[in-house]
Amino acid sequence: MSDVLAVVEHRRGSLRDVSFELVTAGADLVGDTGGDLHLAVIGGDVDAFAEELSLAGVDAIHTVAEGDEFNHDVYVQAVAALSEELDPTYVLMGNTVNGLDYAPAVAERLDRPLVTDAIGLQNDGGLVVTREMYASKVESTVEVDADRAAVTVRPGEWDAAEEPGEPAVEAFSFDLDESRVRSRVTGFEEVGSGDVDITDADVLVSVGRGIEEEENIELVQELADALGATLSSSRPIVDNGWLPKDRQVGQSGKVVTPKFYIAIGISGAVQHVAGMKGAENIVAINTDPDAPIFDIADYGIVGDLFEVVPELIEQFE
Amino acid sequence: MKVLVTVKEVAEVEEDFELDGLRVADQYLDYDLNEWDEYAVEEAVQIAEESDDDVEVVAVTIGPERSEETIRMALAKGVDRAVRVWDDALDGVDLLDVGAKTRLLSAVVEEEDPDLVLTGVQANDDSFGATGVSLASAIDFEWAAVVNALDLDADGGVANVRRELEGGVEELTEVDLPAVLTIQTGINEPRYASLRGIRQAQSKEIKPLALSDLGLDAAAVESDLVLTDVYEPETESDATYFEGDAGEQAADLATVLREKGVGAQ
């Protein structure tokens, strides 16, 4: 018997997709051993969230009515208190920005080993976690040599649970230690509302680290102009200040769904792919035949962008 | 005021490589300062430069002697001195887990007594992304993860930060000091080390510390995680590849694009 406690996420009044993926991951994990799957939902309209999370495979939902939005100090205390009461074998959390902001503290406080960014979980007498290393070039399996563990799961790796169920819903209260709430969320801001909306474009020509120098971006802009397309980019280009933030496609940038996405010199890091995998057609141009971008591409050119792009511009001029 | 910045030498894997047991064979690895840590170093150095008070910036790393070469890059960019934790007990550890790193860095914090700790969001080799927040919890500092803007009010005892959430949304948060902040890329523009900086770095101290120097024993680096398999992920590509030279590839792609209505004026 291995019980699982999965902690869901919400932001600005909505449950995030990862919450439903955590249900699937948690249900898979308890499936083999006959344990129970518990969910924790902390803050916001917990009753409405609990209703939405009443899904098959979930045994109990614990609602913690504390605050409106995520605050890591509250989350750490709530998850620790609930874990102490339920004593689950595994605590599952999302490997999201907020997950990274509280999961390590939960694990430290409960003195549990932490495995982050899981892309696969197996419960076979012990926990075995599949994860990636070296910027996705290598995959590894890690065995947890302990009775209890905390794990964060990568968003998008498990299917979202949809089938309704009838879990018990129980309010959980604990004594919040206010002296340990030492951070205050004061607001949210949308970034990059420039004059170009890349989420609106039919065709995106997107440039990545492979472009090497700022002045080379002009070449890709020329291609975008020739195709009547809009220029976008992966994160390093924006980090370098070569293009504004509103051009960034990815987990922390914009999610785009154009008819054509032409990825130039982009390796296809998971954070980037999260923002563009919904494109109808994906074209990848990259020198590295093993670049992960080719795994999701419909059309591939293994080649030097500095040779291919000028030829392509010529085709359309 | 003292700022402690954690840095890590990470291995980057070449395009083509071979595995040697549970590791990438040495000849396919290039070593470099972790990308996220470069931004953390820059942020620390900028805090020192912009403060009216004396601010000491100390870098700490867990790494073998080889990593000193990389750590010198941080010193060349303006870090005042460095501490390097290593021990024979670490030589045989395949995967140092978050708990072990936390125990080592907590001991360094106890010795250095910093007012602020900066770390990179994650390391590009093992990608745990957890050490900073775990450390904060262990040393009872406040914290913020994935910080992409920092306005430090040391006199007021708070750090005003922006946290980069998913989907182009930023969270504004006020964090009590002392704190650990995990720094996201793009928060600043890391400087290149000047020739003068590189020369000066040669004479700056990198203090080696063994477990016993930190009041720890081999139990501190016992990992609860055991690496059991390492392999190249299977490629799942079902892309249509265009062959030939650049001109032929471009012509074939152009045909597909035109057929699907792209570039039709």
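What you see as residue numbers is a count from 1 along each chain, following the sequence as written. Key to labels: chains lettered from A, ligands numbered from 1, both in the order written. The model is predicted, so local features are restricted to residues of pLDDT at least 70 and side-chain atom pairs to those at 80 or more, both for listing and for counting; the totals for chains, interfaces and linings are taken over all residues. The side-chain values count all of the structure's non-hydrogen atoms but skip hydrogen atoms and water molecules.

- Under the annotation held in an unreviewed UniProt entry, chain B carries the name Electron transfer flavoprotein subunit beta and is attributed to Haloferax gibbonsii.
- UniProt positions are given in the numbering used here, feature names are shortened, and annotations may be inferred rather than shown by experiment. Listed under Sequence similarities (unreviewed entry) in UniProt, the entry text for chain B is "Belongs to the ETF beta-subunit/FixA family."

## Focus on the interface of chain B and chain A
- Residue contacts are counted whenever heavy atoms from the two residues lie within 4.5 Å of one another. Taken together, the contacts link 81 residues of chain B with 81 residues of chain A.
- Buried surface at the junction of chain B and chain A, both sides included, amounts to about 7,400 Å², of which 52% is carbon and sulfur.
- Of all residues in chain B, the largest losses of buried area upon contact with chain A belong to B:Glu15, B:Glu166 and B:Tyr231, amounting jointly to 8% of the total for that side.
- For this document, the term salt bridge refers to a Lys or Arg side-chain nitrogen within 4 Å of an Asp or Glu carboxyl oxygen. Taken together, the links from chain B to chain A amount to 12 salt bridges.
- Among the ionic pairs, A:Arg180 bridges to B:Asp140, the shortest N-O distance being 3.7 Å. Accessible surface is computed with a 1.4 Å probe, and the buried area is the amount of it that two parts give up when combined, taken over both parts together.

## Remarks on the sheet that holds strand E1 (residues 2-6) of chain B
- Two strands pair if DSSP finds at least two bridges between them. Secondary structure follows DSSP: runs of H or I at least 4 residues long count as helices, runs of E at least 2 residues long count as strands, and numbering of each begins at the N terminus. Taken together, the 10 strands give an open sheet; going across it, the order is E13(A)-E11(B)-E10(B)-E9(B)-E12(B)-E8(B)-E1(B)-E6(B)-E7(B)-E13(B), and neighbouring strands pair in mixed fashion. Strand pairing shows two members of the sheet lacking a second neighbour, strand E13 (183-190) of chain A together with strand E13 (206-209) of chain B, which therefore form its edges. When the angles between neighbouring strand axes are averaged without regard to direction, this sheet yields 30°.
- Here strand E9 (residues 142-153) of chain B pairs with strand E10 (residues 158-164) of chain B via 6 bridges, running antiparallel. Bridge pairing links B:Leu150 to B:Val161 in E10(B).
- For every element, the axis is a line fit to its C-alpha atoms; helices are fit only across the contacting stretch, and the angle between N-to-C directions ranges from 0 to 180 degrees. Packing of helix H4 (residues 97-110) of chain A onto the sheet brings it into contact with E9, E10 and strand E11 (169-176) of chain B, and relative to E9(B) it is tilted by some 110°.

## What about the pattern of salt bridges?
- For the structure shown, the criterion picks out 33 salt bridges over all chains.
- Residue A:Arg184 pairs with B:Asp176 through a salt bridge whose shortest N-O separation is 2.7 Å. Here A:Arg184 is found in strand E13, whereas its partner B:Asp176 is found in strand E11 on a different chain.
- The rule is simple: take the accessible area with a 1.4 Å probe, protein chains only, and divide by the maximum for that residue type; under 20% is buried, over 50% is exposed, in between is partly exposed. Owing to a relative accessible area of 31%, A:Arg184 belongs among the partly exposed residues under this scheme.
- The exposure class of B:Asp176 is partly exposed, given its relative accessible area of 22%.
- In this structure, A:Glu189 and B:Arg162 form a salt bridge, with 2.9 Å as the shortest nitrogen-oxygen distance. Of this pair, A:Glu189 sits in strand E13 while B:Arg162 sits in strand E10, each in a different chain.

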